[in-house]
Amino acid sequence: MLDHNKTPLYDALRKHIESRVIPFDVPGHKQGHGNEELQKLFPKSVLEADVNSMKSLDFLGNPISVIKEAEDLLADAYLSDESFFIVNGTTQAVQAMLMSAVNEGDTVILPRNVHKSAINAMILCGAKPHYMYPHFEAKFGMTIGVSLEEVKKAIEEAPEAKAIFLINPTYYGVISELKAIIEYAQCQGLLVIVDEAHGAHFPFHKELPKTAMAYGADMAAVSLHKTGGSLTQSSALLLNTRKIERDHVKTIVNLTQSTSASYLLMTSLDLTRKFLMTQGEKNLEMVLELARNARDKINAIDGLIAFSAKDFNPEGCYGFDETKLGVCVTGIGLTGIHVYDLLRDEYNIQVEMGDSHNILAIFSVGDTEKRVNQLVSALSAIAQKYKREPLDLKFNSFNATAVAYSPREAFYKEKERILITESAGRVSGEFVMIYPPGIPILAPGELITEEICAYIELLKREKGSISGLKDNNVEYLYCIKE
Ligand SMILES: Cc1ncc(COP(=O)(O)O)c(C=O)c1O
């Protein structure tokens with residue numbers, strides 16, 4: 001175990017700031033001099049820390065000193081052989097992970113409820129998806145995890161697959177049978193790569209689910225900026241070097257990593273790793289208590305369900321991250337999108353997302369009892385003020401899709417503009433999703449069904465923030481030309 005009180009990158013950055021070097025390099029704001037509005041918004045310490053690479057601060061593209069030391073500490077914290085600091089969001093980590101594991105034409109097995117970054121990675125590298133369709137929990141209108149049986153079936157159907165891509169946990173906190181799946185897939189000769197965008201806090205409290213690295217996965221993408229507490233866009237790619245070489249991954253990461261990596265982001269990773277390793281357990285204890293109390297109180301409100309493991313079919317749910325507070329609101333006659341808007345417009349509360357059935361509040365090390373009480377009170381007030389007949393929404397959209405072309409084939413094929421209401425039976429040439437969560441309702445190359453069209457119409461009516469299409473008004477969809 002390394003000394004996690006150390007912060008090599010932070011120390012080097014402080015030393016640099018204290019040395020008052022005269023800057024004739026980029027960034028051109030030169031610590032904010034001359035731009036008063038910039039100075040007003042960002043404290044001096046932030047502007048002074050916003051520097052570019054130099055010998056004393058190492059270079060992210062080929063780290064050999066303080067960044068490498070900080071990466072080694074992060075790798076140790078996450079039980080992996082190596083780590084890569086990532087500054088272009090977990091999108092970049094997911095893409096580098098997939099592109100490191102598979103080549104053009106290779107098949108990768110993955111659950112259909114992946115984030116769009118995984119499908120975009122296949123457009124970039126030309127790999128072909130073989131989807132597993134995770135269990136669909138109709139009551140909550142969401143897909144959850146995959147079972148070991150589902151994985152076995154997929155491997156049987158696609159024996160040529162080189163890698164399997166997993167999600168740990170899903171956006172709503174659902175955990176698949178990770179240990180057994182990793183062991184089985186590796187025995188079958190597959191590389192196991194895992195999107196842990198929402199599991200950055202897992203290693204730091206014994207009552208939280210285990211990470212993919214703890215079970216020997218080959219790679220994982222970890223969004224430290226989401227639930228770890230580092231600055232937005234800072235992330236990490238973790239690697240076990242048994243089957244994939246560090247230098248190969250470094251080359252791939254550098255295809256898309258900025259050559260002007262932000263020291264604000266990187267230093268926040270260094271400080272966050274120290275914080276999580278030295279104070280994470282105590283803080284997460286408090287977070288778990290807050291989330292458990294909130295869940296109990298919300299479940300006592302008529303019409304609301306703050307779900308947890310017991311509410312899901314064990315086929316797709318092997319564990320649960322209690323710090324994700326998802327609440328099904330259809331029992332009060334509203335959609336999640338509507339409640340998401342009410343919370344923001346009437347109670348000044350921003351939750352992570354709202355979908356057709358649910359809202360999701362993320363609990364993390366920055367939360368307080370006072371704010372949690374405000375959220376619970378607002379939900380209680382909404383339930384009283386707006387309660388109507390329960391909504392009975394029947395959508396099974398992710399299960400209904402089928403792949404006609406690989407994402408890359410579809411991306412480059414000739415397309416034509418079709419009214420969404422008339423698009424059932426055609427093959428989509430583009431993405432349709434709401435963000436968050438950024439899980440495609442349709443991806444390029446997928447067959448459009450009546451059910452998907454109806455689902456998109458519902459999201460439009462509810463003013464969900466639909467993206468992915470060329471048409472901002474979401475009337476037309478580019479389909480593959482027949
Ligand atoms: C499961 C999952 N993977 C990857 C990402 C991409 O992360 P980022 O927004 O940091 O690029 C997200 C973002 O929401 C996500 O939910």
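Bear in mind that the values here come from a model prediction, so they are computed numbers and not experimental data. (Residues numbered from 1 in each chain as written. Predicted model: local features only at pLDDT ≥ 70, side-chain atom pairs only at ≥ 80, totals over all residues.)

*Asks:* Any chance you could explain the nonpolar core here in plain terms?
*Replies:* What tends to happen in soluble globular proteins is that the nonpolar side chains get buried as a cluster. Within the largest apolar cluster, 151 residues are counted, with the highest numbers of intra-cluster contacts made by Leu98, Phe165, Ile193, Ala236 and Leu237. Here this core takes eleven residues from helix α11 (residues 263-299), the largest share from any one element. Not counting the four nearest positions on each side in its chain, Ile193 is found in contact with Met97, Leu98, Ala101, Ala163, Phe165, Ala217, Asp218 and Met219. (Core = buried A, V, L, I, M, F, W, Y, C linked by C-beta atoms within 7 Å. Buried ≥ 20, exposed ≤ 12 C-beta atoms within 10 Å, placed from the backbone. Helix = DSSP H or I, 4+ residues; strand = E, 2+ residues; numbered from the N terminus. Contact = placed C-beta atoms within 7 Å.)

*Asks:* Any chance you could explain the sheet that holds strand β2 (residues 107-111) here in plain terms?
*Replies:* Within a sheet, neighbouring strands are paired by backbone hydrogen bonds and run either parallel or antiparallel to one another. Spatially, the seven strands line up as an open sheet ordered β1-β10-β9-β8-β6-β2-β3, and their pairing is mixed. Every other strand in the sheet has two partners, leaving β1 (82-86) and β3 (128-132) as the edge strands with one partner each. Neighbour to neighbour, the strand axes of the sheet diverge by 20° on average, direction disregarded. (Pairing = 2+ DSSP bridges. Axes fitted to C-alpha atoms, helices over the stretch in contact; angles between N-to-C directions.)

*Asks:* Sorry if this is basic, but what is going on with the packing of α11 against helix α13 (residues 369-386) here?
*Replies:* How two helices sit against one another is set out by the angle between their axes and by the gap between those axes. Running from N to C, α11 and α13 cross one another at 15°; their axes reach a closest spacing of 10 Å. Classified by the angle between their axes, α11 and α13 sit roughly parallel to one another. Here the hand of the crossing between α11 and α13 comes out right-handed. Of α13, the residues touching α11 (which contributes Leu290, Ala294, Lys297 and Ile298) are Glu369, Val372, Leu375, Val376 and Leu379. Its residues placed into classes, the contact of α11 with α13 shows seven nonpolar, no polar and two charged. (Parallel < 35°, antiparallel > 145°, perpendicular 65-115°, else oblique. Left-handed = near helix turned anticlockwise from the far one by under 90°. Nonpolar A, V, L, I, M, F, W, Y, C, P; charged D, E, K, R; others polar.)

*Asks:* Honestly, the pairing of strand β10 (residues 235-239) in this entry has me stumped. Any pointers?
*Replies:* Each regular strand shows side chains that alternate between the opposite faces of the sheet. Within β10, five of the five residues are buried, which leaves the element mostly enclosed by the surrounding structure. Both faces of β10 are covered, namely the face carrying Ser235, Leu237 and Leu239 and the face carrying Ala236 and Leu238. Sheet topology places β1 next to β10; five bridges connect them, and they run antiparallel. From the neighbouring strand, Ile86 faces β10, where its bridge partner is Ser235. Here strand β9 (residues 219-222) pairs with β10 via four bridges, running antiparallel. From the neighbouring strand, Ala221 faces β10, where its bridge partner is Leu237.

*Asks:* Is there a simple way to think about the domain arrangement of the protein chain in this case?
*Replies:* The extent of an interface is frequently quoted as the accessible surface area lost upon association of the parts. Segmenting the protein chain into domains produces domain 1 (8-276), domain 2 (280-386) and domain 3 (397-480). A separation of 26 Å is found between the C-alpha centroids of domain 1 and domain 2. Facing 28 residues of domain 1, the contacting portion of domain 2 comprises 28 residues. The set of elements that each furnish at least two residues to the side of domain 1 that touches domain 2 consists of β7 (174-175) and α11. Within the side of domain 1 that touches domain 2, the residues separate by chemical class into 15 nonpolar, ten polar and three charged. (Domains from an automatic or database assignment.)

*Asks:* Quick question: what am I supposed to make of the packing of helix α5 (residues 89-101) against helix α10 (residues 246-256) here?
*Replies:* In contact at an axis separation of 9 Å, α5 and α10 are set at 135° when each is read in the N-to-C sense. Considered as vectors, α5 and α10 are oriented oblique to each other. Here the hand of the crossing between α5 and α10 comes out right-handed. Judged by residue contacts, Gln92, Gln95, Ala96, Met99 and Ser100 of α5 engage His248, Val249, Ile252, Val253 and Thr256 from α10. Here the contact of α5 with α10 is built from residues that sort into five nonpolar, five polar and no charged.

*Asks:* Any chance you could explain the environment of Ser364 here in plain terms?
*Replies:* Relative to the elements of secondary structure, Ser364 occurs in the loop between β15 (358-362) and α13. Discounting residues that sit within four places of it in the chain, Ser364 has contacts with His201, Thr227, Gly229, Val287 and Thr323.

*Asks:* For this particular structure, what's the right way to read the site of the ligand?
*Replies:* Near the ligand you find 15 residues, and of these Gly89, Thr90, Thr91, His115 and Ala197 are the closest. Ranked by residue count, the leading element in the shell around the ligand is α5, at four residues. In the shell around the ligand, the residues fall into six nonpolar, eight polar and one charged. Counting contributing residues, the shell around the ligand receives three or more from each of domain 1 (8-276) and domain 3 (397-480). (Near = placed C-beta within 6 Å.)

*Asks:* I tried to follow helix α6 (residues 116-125) on my own but got confused; where do I start?
*Replies:* Each α-helix winds once per 3.6 residues, and so residues spaced three or four apart point in a common direction. Burial analysis of α6 places eight of its ten residues in the buried class, which makes it a mostly covered element. Taken residue by residue, α6 has Lys116, Ser117, Ala118, Ile119, Asn120, Ala121, Met122 and Cys125 as its buried positions. One or two steps after α6, the chain reaches Gly126, where phi turns positive at roughly 80°.

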